[in-house]
Amino acid sequence: KLISKNGYLFSLQNNVFEGYSQFSSYFHSIFHYLNFFTNNFEYYRSTTNVLFFLSILLIFESTKDFRSKILTIILYICLTLNSDWLNFLMIDSLMSEGILNYLFATLVFSIFKEENKSLSFFLFGFLIFSKQFYITLIFLSLPVFIVYKNYRKFTIFLASGYIFKTISYATRLNNLERDHHIRQIDIQDTFFDLLLFRNLKIENIVLILKNLAKDVPLSLFLILIFILYLNNLKTKNTFELNYLFFLIVINIILILLLYISVWRYMELESPIRFILNLYLIKFIFLTKLLDISNKDKI
């Protein structure tokens, strides 16, 4: 409501949790305005349900192979609509996962498909204003794109979001603390804990995997894409496919590292929610894997 009535800047300056990301809330307010043309924010399910259809459209556009897109869309619909949790998290609430999943997947998709890659990298870099896991994935993507020469020259545009954020907090927002979650972590102490294997609760990894296994459809889906990727290693995987795999794997690794160190005494159901940070990316990844399988059959 603060964003809709008074603007994003006002909401940042008057937030209960100083430095807490309001990136997803900003886009929810935009979706509301595009639906009802009013600044008096009230939550209606249609404003988030549209993400379901936009996600299907993105999957449809992610490949030219008709069989790949139809199979993936059917799987997406079945997994999402047959799970009350996924339905609530992704398309039927103001939870940030739904909108950020769509934005992240769309911008990654545009990096590899749009001709104007400078703009795609520039927009992708502005996800630095979103949640910490997405921010970390963007930072870790920088060296990946630097190594790959075809994308090296665009990395400055990827860093533009961070540059803009730094300037914002040094000028207009200089009286505010930034990065609500990261301030709660002793980065140096955590780094040495992981490096020296001290104060770690390794058994949390097993407990997280057990909790994940309780969601049988999601677990089978993850196993499927990993098996398909490993099976395709004998062929020449594209940089796009390898990058999507990198995002999925590094996200899981970051979650496990977080819950054996900083959050080692936190409840162990929420890691599943963080694994779903890249829910839509996993379906885009599946379309690419199915493309390769279909080409091999031909």
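Treat the numbers as computed from the prediction; the structure is a model and nothing was measured.

J.: Please give an account of the pattern of salt bridges that cites residues and values.
T.: Applying the stated criterion to the full structure yields four salt bridges. We note a salt bridge from K113 to E240, for which the minimum N-O separation is 4.0 Å. Remark: E240 occurs in helix α16 (residues 239–260) and K113 occurs in helix α7 (residues 96–113); sequence separation between them is 127 residues. Each of the salt bridges in this network shares a partner with another, and the network as a whole consists of K113, E240 and K288.

J.: Give a description of the side chain of S4 that names residues and reports values.
T.: Mapped onto the secondary structure, S4 falls in helix α1 (residues 2–6). Not counting chain neighbours up to four residues away, the residues in contact with S4 comprise S29, N39 and F41.

J.: Outline empty space enclosed by the protein, listing residues and values.
T.: All chains considered together, the criterion is met by three cavities of 30 Å³ or more. Size it by volume and the largest cavity reaches roughly 60 Å³. Taken together, L51, S55, Y76, M90, I91, G98, N101, Y102, Y279 and L280 form the lining of the largest cavity. Secondary structure elements with two or more residues in the lining of the largest cavity: α4 (46–61), α6 (84–91), α7 and α18 (279–297). Element by element, the count of residues in the lining of the largest cavity is highest for α7, at three residues.

J.: Describe the packing of α4 against helix α5 (residues 66–81), naming the residues involved and giving the relevant values.
T.: Direction vectors running N to C along α4 and α5 enclose 155°, while the axes themselves pass 9 Å from each other. As far as their axial angle goes, α5 and α4 are roughly antiparallel. The handedness of the crossing between α4 and α5 comes out as right-handed. Contacts between α4 and α5 pair F52, S55, I56, I59 and F60 from the former with K69, T72, I73, Y76, I77 and L81 from the latter. Of the residues contributing to the contact of α4 with α5, the split by class is eight nonpolar, two polar and one charged.

J.: Explain the packing of aromatic side chains to me, using residue names and the numbers behind them.
T.: On inspection of all chains with the given rule, the structure shows 38 aromatic pairs. With centroids separated by 6.2 Å and ring planes inclined at 65°, the aromatic side chains of F129 and F164 adopt a geometry described as edge-to-face. You can see F129 sitting in the loop between α8 (117–125) and α9 (132–147) and its partner F164 sitting in helix α12 (residues 160–170), a full 35 residues away along the chain. A residue is classified by how much of its surface remains accessible, and F129, at 15% relative accessible area, is buried. Pairing Y148 with F239 gives two aromatic rings, centres 4.0 Å apart and planes at 5°, and the pair type is stacked. Placement of the pair is Y148 in the loop between α9 and α10 (149–152) and F239 in helix α16, with a sequence separation of 91 residues. A relative accessible area of 32% means that Y148 is categorised as partly exposed. Feature note: the residues F112, F121, F145, Y148, Y151, F154, F239, Y243 and F246 constitute an aromatic cluster, connected by ring pairs.

What counts as what
Residues numbered from 1 in each chain as written. Predicted model: local features only at pLDDT ≥ 70, side-chain atom pairs only at ≥ 80, totals over all residues. Heavy atoms only, no water. Salt bridge = Lys/Arg side-chain N within 4 Å of Asp/Glu carboxyl O. Helix = DSSP H or I, 4+ residues; strand = E, 2+ residues; numbered from the N terminus. Contact = heavy atoms within 4.5 Å. 1 Å grid on protein atoms, 1.4 Å probe; cavity = no way out; pocket = protein on both sides within 12 Å on 5 of 7 lines; lining within 4 Å. Points joined across faces, edges and corners; volume = space filled by probe spheres on them. Axes fitted to C-alpha atoms, helices over the stretch in contact; angles between N-to-C directions. Parallel < 35°, antiparallel > 145°, perpendicular 65-115°, else oblique. Left-handed = near helix turned anticlockwise from the far one by under 90°. Nonpolar A, V, L, I, M, F, W, Y, C, P; charged D, E, K, R; others polar. Phe/Tyr/Trp six-rings, centres within 6.5 Å; stacked < 30°, edge-to-face > 60°. Buried < 20%, exposed > 50% of the residue type's maximum accessible area, 1.4 Å probe, protein only.

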